[in-house]
Amino acid sequence: RSAEEMKHMENISSLFEGQYPPAERGLVAAPGEQPWEMIMDKKHFKLWRRPIEGTHLYQYRVFGSYTDVTPRQFFNVQLDTEYRKKWDSLVIKLDVIERDVATGSEVIHWVTHFPYPMYSRDYVYVRRYSVDKENNLMVLVSRAVEHPSVPEDPEYVRVRTYESQMVIRPHKTFDENGFDYLLTYSDNPQTVFPRYCLSWMVSSGMPEFLEKLHTAALKAKKMEIEVRDYMAAKPVESSEGKAPVAAAEGSRSPAQLEYA
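Residues numbered from 1 in each chain as written. Predicted model: local features only at pLDDT ≥ 70, side-chain atom pairs only at ≥ 80, totals over all residues. Heavy atoms only, no water.

A. Focus on the overall build of the chain. Looking only at helices and strands, the chain has five helices and ten strands in total. The 260 residues of the chain split such that 49% are buried. Relative to all contacts within the chain whose residues are 6 or more apart in sequence, the contacts with residues 24 or more apart total 58%. (Helix = DSSP H or I, 4+ residues; strand = E, 2+ residues; numbered from the N terminus. Buried < 20%, exposed > 50% of the residue type's maximum accessible area, 1.4 Å probe, protein only. Contact = heavy atoms within 4.5 Å.)

Here's what the structure looks like:
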């Protein structure tokens, strides 16, 4: 599904190159779904949102490109939790709680600062990534879960609704500069602020995060810091369709992560 959405974005991206004013550049939604509304049009990315039916929340979608880093670097920087502690000043805590060696799924505990006067938020989520060499795609998906090792902490507000998916399409190869990406994101930060306040927070925070991520990838490219190569750590699925066995450092014994 992620690959199909990425292909759809590539097919219609030319429509957004100055042909229509931002307010009219909506994305086609599936039948019965809310339409997407463009709220930001920058040089390197475009940001849309749409209401999540039955809630006061929005789902967000970013389509962007970079030409000065490789897809592998951008992908690895997002996955490397230790490196993120260095480049993301909002991180209070970011740890891998459990890892399934059969699928590569990881359960993450993430605690992050929120703008004053709000309390810090904490997330427990499962993530899985895939490198599709045949179709020249990289996919990273995450969603909130519960885990017995991470009970709620009264010091933080637990975010129980969170979903994110990132699709990366190299312009050429995984190791040559240049790629497009599609990020689809939603969460419920458990605030009492109205929808327009939350929308402002996301629309202002998203560009800042993407810029920090891009800068971190550039530093990794220049070898200023060592970043783990997740493409090498998790082999692609065999032709027989059997589950791959990850050679991930620090992996735990296999566990059935049903929610992954």
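So much for the structure itself; the text now carries on.
B. Just the nonpolar core, in detail. Val62, Phe74, Phe75, Val77, Tyr123, Ile168 and Tyr181 are the most contacted members of the largest nonpolar core, which has 45 residues in total. Beyond its immediate stretch of four places on either side in the chain, Ile168 contacts Pro71, Phe74, Phe75, Gln78, Asn136, Leu137, Met138, Phe179, Asp180 and Tyr181. Among the nonpolar cores identified, the runner-up in size contains ten residues, and Met9, Phe63, Leu137 and Val139 belong to it. (Core = buried A, V, L, I, M, F, W, Y, C linked by side-chain atoms within 4.5 Å.)

C. Highlighting the side chain of His147. Topologically, His147 is positioned in the loop between β7 (137-144) and β8 (157-159). Assessed through its relative accessible area of 10%, His147 is described here as buried. Among the polar contacts made by the side chain of His147, one reaches the side chain of Glu98 at a distance of 2.7 Å. (Polar contact = N/O pair within 3.5 Å; in protein donor to acceptor, adjacent residues only side chain to side chain.)

D. View of the confidence of the model for the chain. Mean pLDDT over the chain: 80, with 74% of residues reaching 70 or higher. Confidence drops under pLDDT 50 across residues 18-24; counting only partners more than four residues distant or on other chains, this segment forms five contacts. In the predicted structure, residues 235-260 sits below a pLDDT of 50 and forms 47 contacts with residues beyond four places in sequence or in another chain. (pLDDT = per-residue confidence, 0-100.)

E. Quick peek at the packing of aromatic side chains. Using the criterion set out here, one finds 15 aromatic pairs in the structure. On the basis of an interplanar angle of 55° and a centroid distance of 5.8 Å, the ring pair of Tyr66 and Phe74 is categorised as tilted. Neither Tyr66 nor Phe74 differs from the other in exposure class; each is buried. Relative to Phe179, the ring of Phe74 lies with its centre 4.7 Å away and its plane at 35°, an arrangement referred to as tilted. Of this pair, Phe74 sits in helix α2 (residues 71-79) while Phe179 sits in strand β10 (residues 179-187); the two residues are 105 residues apart in sequence, bridging distant segments of the chain. For Phe179, a relative accessible area of 0% translates into the label buried. Clustering of aromatic rings is evident, with ring pairs tying together Trp110, Tyr123, Tyr125, Tyr162 and Tyr185. Above the ring of Tyr58, the side-chain terminus of Arg49 is found at 4.4 Å from the ring centroid. Against the face of Phe114 rests Arg121, its NZ or CZ located 5.0 Å from the ring centre. (Phe/Tyr/Trp six-rings, centres within 6.5 Å; stacked < 30°, edge-to-face > 60°. Lys NZ or Arg CZ within 6 Å of the ring centre and 35° of its normal.)

F. Quick peek at the side chain of Gln165. Of note, Gln165 is situated in strand β9 (residues 162-170). A residue is classified by how much of its surface remains accessible, and Gln165, at 8% relative accessible area, is buried. With sequence-adjacent residues up to four places away left out, Gln165 is seen in contact with Arg1, Ser2, Glu5, Leu140, Val141, Leu182, Leu183 and Thr184.

G. Focus on the pattern of salt bridges. According to the stated counting rule, one finds 14 salt bridges in the structure shown. Put simply, Asp88 and Lys212 hold a salt bridge, and the shortest N to O gap is 3.2 Å. Taken together, the residues Asp88 in the loop between α3 (81-87) and β4 (91-99) and Lys212 in helix α4 (residues 195-221) connect sequence positions 124 residues apart. The class for Lys212 is buried, based on a relative accessible area of 19%. For Arg160, the salt bridge goes to Glu146, with nearest N and O atoms at 3.2 Å. With Arg160 in the loop between β8 and β9 and Glu146 in the loop between β7 and β8, this residue pair connects regions lying 14 residues apart in the sequence. (Salt bridge = Lys/Arg side-chain N within 4 Å of Asp/Glu carboxyl O.)

H. Region of interest: the pairing of strand β5 (residues 106-112). Counting buried residues in β5 gives seven out of seven residues, a clear majority hidden from the surface. Alternating residues of β5 divide into Glu106, Ile108, Trp110 and Thr112 and Val107, His109 and Val111, and every residue in both groups is buried. In terms of strand pairing, β4 meets β5 through seven bridges, oriented antiparallel. Directly across from Glu98, in β5, lies its bridge partner Val107. Following β4, the chain reverses through six residues before pairing antiparallel with β5; Gly104 in that reversal takes a positive phi of roughly 85°. (Pairing = 2+ DSSP bridges.)

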